[in-house]
Amino acid sequence: MKNKIDEKVDSLSQEIVNSSKKFISINSVNPRTGGPGEKEAAEWLESLLKQWNFDEIKRYDAPDEEVKYGYRPNIVATYKGTDPDKTIWFVTHMDKVPAGDLSLWDTDPFTPVEKDGKIFGRGSEDNGASLIATIYALKSIMDLGIRPKNNIAIALVSDEETGSDYGIKYLLKQGIFEKEDWFYVPDAGNSKGDFIEIAEKSIMWVKITTKGKQGHASMPNVSINAHRAGMQFALACDKYIHENYNLKDDLFDYPYSSFEPTKKVTNVENVNTIPGTDVVYFDGRILPNYDIEELINELKKLSK
């Protein structure tokens, strides 16, 4: 037999679907990856939460001169408990990754589509599904007048996709968290909804810039090919990490550290020019057994 919370969630099902579609329809692609940022999504979410029974809603706007409106929004909504010495936090993010090659999409990525019981669109999973599910789970409790022992707070943050400097890191600097608080980050899961990850790898994004001397491809004797040197160094880094940082931990899926060459920046526009500059990026997800700063220093030694 369903309990009252289940019944309440069921009664909100269409509203949940509609809110999911609304979130998908807003282009909140991170500005560091060419998008407009989180402002529109934050304004909609804040107006929605203000209609509910939260005891307190606060905005924490992180200054960012690289976006036209000058800040990156963060929203904290709190539902107070009967013994509010501890806060249980749920942290989800409003920014999205770029849609990529639009020709590979069947539909407009910012026009949500329902199909086979699922909603498709940019941000529908990362992090829209978790964000909408989290806020409506708390709405269900509030609508029923249930007061938990501890405070429950939701942090809707910016900038998760490019390092969190203007999101959770900014909130940390505001001193709003306490040592005894609990934190949940709904950002992954399974179809049953019973998957809980208790540890996470460290992220390590590496940009390798190689400087040479540009020239014509027919005269390599008077040029220094930055592309060749960059490829050689990138392969050396790749080999070094996979050979020396190869612990396995079955707590994780994938159980090893990953270090993958990803983004490649255009160096020259034409085929017959030797590039004087070459830039390549790696995405690393490193097991917590390793110290990231130490690893970076080891890579720097390879360049000498």
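In case you missed it, the structure is sitting above this.
To keep things clear, this report deals only with the structure shown in the data block. Every value quoted in this text rests on a predicted model; they were computed, and no experiment measured them.

## Some remarks on helix 6 (residues 226–244)
- Helix length check: helix 6, at 19 residues, gives a terminal C-alpha distance of 27 Å against a target of 27 Å (1.5 Å per residue), a fit within 8%.
- Of the positions making up helix 6, those classed as buried are Ala226, Gly230, Phe233, Ala234, Cys237 and Ile241. Viewed end-on, helix 6 has its buried residues packed into an arc of 105°, placing them on one side of the element. Away from its buried face by more than 90 degrees, helix 6 exposes Arg228, Gln232, Leu235 and Lys239.
- Those residues of helix 6 hidden inside the fold are in contact with strand 10 (202–211), strand 12 (258–264), strand 14 (277–286) and helix 7 (292–302).

## Some points on unusual backbone geometry
- Asparagine 127 follows aspartate 126 through a cis peptide bond whose omega is 10°.
- In this structure, asparagine 127 sits in helix 4 (residues 124–143).
- Despite not being glycine, aspartate 116 shows a phi value in the positive range, around 55°.
- Positionally, aspartate 116 belongs in the loop between strand 6 (113–115) and strand 7 (118–120).
- Positive phi is not limited to glycine here, since serine 164 has a value of about 75°.
- With respect to the element layout, serine 164 can be found in the loop between strand 8 (151–157) and helix 5 (168–173).
- For serine 164, a relative accessible area of 12% gives the class buried.

## A look at the environment of tyrosine 254
- With respect to the element layout, tyrosine 254 can be found in the loop between helix 6 and strand 12.
- For the pair tyrosine 254 and valine 76, spaced 178 residues apart in sequence, the C-alpha separation works out to 33 Å.

## A few points about the environment of proline 63
- In this structure, proline 63 sits in strand 2 (residues 62–63).
- Counting along the chain gives 110 residues from proline 63 to lysine 173, while the straight-line C-alpha distance between them is 13 Å.
- In this structure, proline 63 is in contact with Gly70, Tyr71, Tyr166 and Tyr170, ignoring residues within four places of it in sequence.

About the criteria used
Residues numbered from 1 in each chain as written. Predicted model: local features only at pLDDT ≥ 70, side-chain atom pairs only at ≥ 80, totals over all residues. Heavy atoms only, no water. Helix = DSSP H or I, 4+ residues; strand = E, 2+ residues; numbered from the N terminus. Expected span 1.5 Å × (residues − 1). Buried < 20%, exposed > 50% of the residue type's maximum accessible area, 1.4 Å probe, protein only. Arc of directions from axis to C-beta. Contact = heavy atoms within 4.5 Å.

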